[in-house]
Structures are given as C-alpha cells and as structure tokens.
Amino acid sequence: MADPIEMSDRDAMAAELALGLLDGDERAAALRLQLSDSDFADAVEVWRERFAPLSAGFASSSPPAALWAAIEARLGRDAGPNEVATIPLTDTRKVGRWRAAAIGSSAVAAVLLAAIILRPAPEPVMLPSPPTPVVVERPVVIAQLAGEPGGALLAARYNAEPGELVIRASGMSPGDLAPVLWVIPDDGVPRSLGLVAADGTSRVAVPAVVRPLIADGATLAVTLEPADGAPYQAPTSTPIAAGTISTI
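The sections below set out a description of the structure shown in this document. (Residues numbered from 1 in each chain as written. Predicted model: local features only at pLDDT ≥ 70, side-chain atom pairs only at ≥ 80, totals over all residues. Heavy atoms only, no water.)

A word on the pattern of salt bridges. Summed over all chains, the structure comprises four salt bridges. Of the charged contacts, one joins Glu45 and Arg48 as a salt bridge, the two residues approaching to 2.9 Å between their closest N and O atoms. Of the two residues, Glu45 and Arg48 are both situated in helix H3 (residues 38-55); the distance of three residues between them amounts to about one turn of the helix. Take Arg48: its relative accessible area is 36%, and that puts it in the partly exposed class. A salt bridge links Arg191 to Asp187, with the nearest nitrogen and oxygen atoms 2.9 Å apart. (Salt bridge = Lys/Arg side-chain N within 4 Å of Asp/Glu carboxyl O. Helix = DSSP H or I, 4+ residues; strand = E, 2+ residues; numbered from the N terminus. Buried < 20%, exposed > 50% of the residue type's maximum accessible area, 1.4 Å probe, protein only.)

Bringing a nonpolar patch on the surface into the picture now. A contiguous nonpolar surface patch, about 250 Å² in accessible area, is contributed by Val140, Ile142 and Ile248. Residue position: Ile142 is located in strand E1 (residues 141-146). (Patch = residues over 30% accessible without salt bridge, like charges linked within 9 Å, V, L, I, M, F, W, Y side chains within 5 Å. Areas by Shrake-Rupley, 256 points an atom, 1.4 Å probe, with all protein chains shown as cover.)

If you look at the biggest cluster of nonpolar residues, it comprises 24 residues, and the most contacted ones within it are Leu145, Leu154, Leu165, Leu193, Ile214 and Leu220. Ignoring anything within four residues of it in the chain, the contact list for Leu154 reads Ala143, Gln144, Leu145, Ile167, Arg168, Ala169, Met172, Val222 and Ala241. Counting residues in each nonpolar core, the second largest holds twelve residues, with Met13, Leu17, Leu22 and Ala30 among its members. (Core = buried A, V, L, I, M, F, W, Y, C linked by side-chain atoms within 4.5 Å. Contact = heavy atoms within 4.5 Å.)

So, about empty space enclosed by the protein. Applying the stated criterion across every chain yields a total of one cavity of 30 Å³ or more. Volume-wise, the largest cavity comes out at about 30 Å³. Around the largest cavity, the lining residues are Val141, Ile142, Ala143, Ala156, Tyr158, Leu165, Ile214, Leu220 and Ile245. Elements with a contribution of two residues or more to the lining of the largest cavity: E1 and strand E2 (153-159). Considering each element in turn, the lining of the largest cavity owes the most residues, three residues, to E1. Of the residues that constitute the lining of the largest cavity, the class distribution is nine nonpolar, no polar and no charged. (1 Å grid on protein atoms, 1.4 Å probe; cavity = no way out; pocket = protein on both sides within 12 Å on 5 of 7 lines; lining within 4 Å. Points joined across faces, edges and corners; volume = space filled by probe spheres on them. Nonpolar A, V, L, I, M, F, W, Y, C, P; charged D, E, K, R; others polar.)

Once that is clear, we can look at the sheet that holds strand E7 (residues 219-226). The strand order across the open sheet formed by eight strands is E5-E4-E7-E8-E1-E2-E3-E6, and the pairing between neighbours is antiparallel. The sheet terminates laterally at strand E5 (191-195) and strand E6 (200-205), the two strands that pair on one side only. Sheet twist, expressed as the average angle between the axes of neighbouring strands with direction ignored, equals 25°. Relative to strand E8 (residues 241-247), E1 runs antiparallel, the two being bridged by four bridges. Across the sheet, Ile142 pairs through a bridge with Ser246, a residue of E8. (Pairing = 2+ DSSP bridges. Axes fitted to C-alpha atoms, helices over the stretch in contact; angles between N-to-C directions.)

Listed below in structure tokens is the structure:
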C-alpha cells in the first residue's frame, strides 16, 4: 500500500523528527515510518547531518532556576518551587498557536540551512589569460667542414649571443701539428680563430672584431700548423677540411 503522506510532508516530518520537534502521536507515527521506510530513515539522517553544524561549539547548560517561574508568571499564575510550569490543556488555541509558531520557525530555519548547504558553489571568476609571449627564434648559423673522403670531418655551430663557435671534430690525425680554425670572408683573407681539438667537441671564443665575419657565404677551414707558432697570422699549409657558413 502506498504511503498516504505526501513527499513534501514526509520531508518536513523527517526534518522535524531530526530536530526533536515531534511528540505524541506524530512522533510515534514518524518513528514507525522510520522503521518501516528506508527512504524516510535516510531522509532523517540527512537532516540530522545538516543540522549538526548548528550545535557544534556550543556546550550544554542547565536553565536558570527561576526560568520556569518566570514563564509561569507570564502565563498568569505563579509556579511552586518544585512545580513544573504547564499550559492548561483547555486553552487549545494557545497550544495550537505555540506549536504552529514552533514548527513554522523551525521550518524556516531548516529551509535557510538547506539553502546554505545545498546551494551551488559560486562560479569561479575567470580572469583574462595573460598574453602568450611571442618567442622569437634566433637564426642558427652552421657549417659542415669536410676534406678528403675518409679524412677530417667537422660540424660547426655559432652561438651569436656569447660569440662562441662549438666545433665537433672527427677523423683528424694531426700528429705533431696543431689543428687551427680559420674564417675566410669575402675579401679572401683568413683570420685565425684559434686551436681546436682533433677529436670531440671544442668551444672557440670568437673575438668581437671577428664576429661580423661569421656570416652567410663565409668559409670556415682547418689547417695543421706547428704547435709553437701561435698566434697564427696566416695559414702555412692547405686546409684539411673546409665548409661554407649557412644561416637556417
């Protein structure tokens, strides 16, 4: 048999039972429904959990001894020292008004609490995204130096910011001689850039006056020179590897 209590009434009854507002036949009916209807029992627990924060942080205390006498005096009669003040059962309208006011105020409190607990979280304020920084790619200056097949092979990359050439070499057999790196611009005059390793990676600091010559079309070359001839003013032998500088 379907439950004759409307859903809105069931939820209100669950809230009142959780708050302890029901008594008499209504409380008995709500307790029976709680035992027989799992949905109603769940609703009672939900309301208890919602109301629990209201009592958090408050310590229990006993009312003042004169409280009941004060209530009785306002109702029109004095209460004895051991007498509990009561409302005459014959004044049914006053009882009805008190109960209606209590239930009404509790219902309002329950609705407000539910609104606070159940209302959706505010939408996050979306701040404008900062502009994406524009990455300016620097051109890459490279050269591939090669000589006879199976001989010296070098790869060069120029880093303009520190003014440095990174040279990776292989296949050189300089013997007692020293590999020297040269740049040969459009005027055809070689400028010494210093010694490089015969194998592995070398880092060559390019003098400031020579840096403008590390440009497209210029030539990088390696010659083998006497180890005691530094600083080298001009090559004394033909290059064992050479290549043109390119910017990509």
